[in-house]
Amino acid sequence: MYPDTNSSNNQTSSNSASSSRRDLRSFSHNELLELMDQLHQPKFRVQQIEEWIWSKGAVSFEDMSNLPKSLRESLNKRTVLQGPQQIARQLSQDGSRKYLLRYPDNTTVECVGMPSGAKLAVCASTQAGCAMGCSFCATGAAGLARSLTASEIYEQVIHVRNDFETRVSSVVLMGQGEPFMNYDNTLSVLRRLNSPDGLGIGARHLTVSTCGVIPMIKRFSNEPEQFTLAISLHSAVQKTRDVLMPGVRKYSLLHLYDVMGEYVDKTGRRPTYEYALIGGVNDSDSELGALRDFCCGTLAHVNLIQLNEVPGSRFHPSSPARAQQFVNKLGEVGVEATIRLSRGADIDAACGQLSQKLRQQ
Ligand code: SF4
């Protein structure tokens, strides 16, 4: 681990006057058209600006080299291009990088870049903190600060891309927060990432992970895009799940099972069930049996996750041998399962750990 804390980020062009100016990324297409009109600029400038902010990930007006200098100066006077400030970065020996970013209102979030060969996956946060209170999660322990705007979520992906200086091949909204408690911004950022005017990432390579907020799963199943859905299941036994994930206690497993059946019927897409194996909590034979029953006969993929140890937590990962037994037993009833290797195990990779650590310093 090589912490790079308190490093200033050259991506930020904040100054004292910036608070009165609006972030250029928050302008809609029509608002940009209006702005160009006010500045007596031709309409095609909007396309150029959008390309810079959404596709090329410009972090300053100076980057926008095909805009006339006078326009760049006018934009700088009226707006800000205020990306988040990097306040910590950790590098893992497996190549993953974890970032703690701070927005202008001092809200902080975490995001992670995970390279694999020529590919780069980004894990982004949709909220600062989280209200769901999962008992094994450092973020859940700190509660919710606020939801992020679509631009703020997008900026995390751009930040990671710029740091790796490579194309992003997939994005998972699996960082801090419950994406479906910030539904509109989540959808908006997925569409922007998917759009050829954004990063042009295929919809199937864009994944939303939810604890199982049922009304929003229903809504998501009606969206036209082929985005991927992951459900954090962590137990198919109601009593255990209620303890692990109190934020979704009001949605029963039975209800979740029915809604996921409807989701599959409607979309034809295979959801993933995330299952962090916790020794002595959700890795018993009866838990395995319940998981088999929940998934058997349905279109599903189970991701068995090696729990990241959170210092001070009472939860510990199951043994690799037990994880393999889960894979085998699920396979016997035709349920596809894989063990997801924990990336960045040598850094504070579990969601919320890095910000928790810095808060304690
Ligand atoms: S695991 Fe996810 S949903 Fe649960 S508290 Fe942590 S951030 Fe929130």
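On a predicted model such as this, the values are computed, not experimentally measured, just so you know.

How each quantity is defined
- Residues numbered from 1 in each chain as written.
- Predicted model: local features only at pLDDT ≥ 70, side-chain atom pairs only at ≥ 80, totals over all residues.
- Heavy atoms only, no water.
- Helix = DSSP H or I, 4+ residues; strand = E, 2+ residues; numbered from the N terminus.
- Buried < 20%, exposed > 50% of the residue type's maximum accessible area, 1.4 Å probe, protein only.
- Contact = heavy atoms within 4.5 Å.
- Near = heavy atom within 4 Å.
- Nonpolar A, V, L, I, M, F, W, Y, C, P; charged D, E, K, R; others polar.
- Pairing = 2+ DSSP bridges.
- Axes fitted to C-alpha atoms, helices over the stretch in contact; angles between N-to-C directions.

**Student:** Quick question: what am I supposed to make of the environment of Arg22 here?
**Tutor:** Among the structural elements, Arg22 can be located in strand β1 (residues 22-23). In this structure Arg22 comes out as partly exposed when scored by relative accessible area, which is 35%. For the pair Arg22 and Thr79, spaced 57 residues apart in the sequence, the C-alpha separation amounts to 4.9 Å. Not counting the four nearest positions on each side in its chain, Arg22 is found in contact with Phe27, Glu31, Arg78, Thr79 and Val80.

**Student:** How should I be thinking about the site of the ligand in this particular structure?
**Tutor:** The full set close to the ligand counts 10 residues, and Cys130, Cys134, Cys137, Gly177 and Cys211 are the nearest of them. Among the residues forming the shell around the ligand, the class breakdown is 6 nonpolar, 4 polar and no charged.

**Student:** Looking at this model, I keep getting lost on the sheet that holds strand β11 (residues 228-232). Mind explaining?
**Tutor:** Strands sit in the order β3-β4-β5-β6-β9-β10-β11-β12-β13-β14 across an open sheet of 10 strands; the sheet is mixed. Two strands bound the open sheet, and with one partner strand each, they are β3 (85-91) and β14 (336-340). Neighbour to neighbour, the strand axes of the sheet diverge by 20° on average, direction disregarded. Judged from the 3 bridges that link them, strand β6 (residues 119-123) and strand β9 (residues 170-173) form a sheet pairing that is parallel. Residue pairing for β9: Ala121 is matched across the bridge by Ser170. In the packing of helix α11 (residues 320-332) onto the sheet, contacts are made with β12 (272-277), β13 (301-306) and β14, and the angle to β14 comes to roughly 165°.

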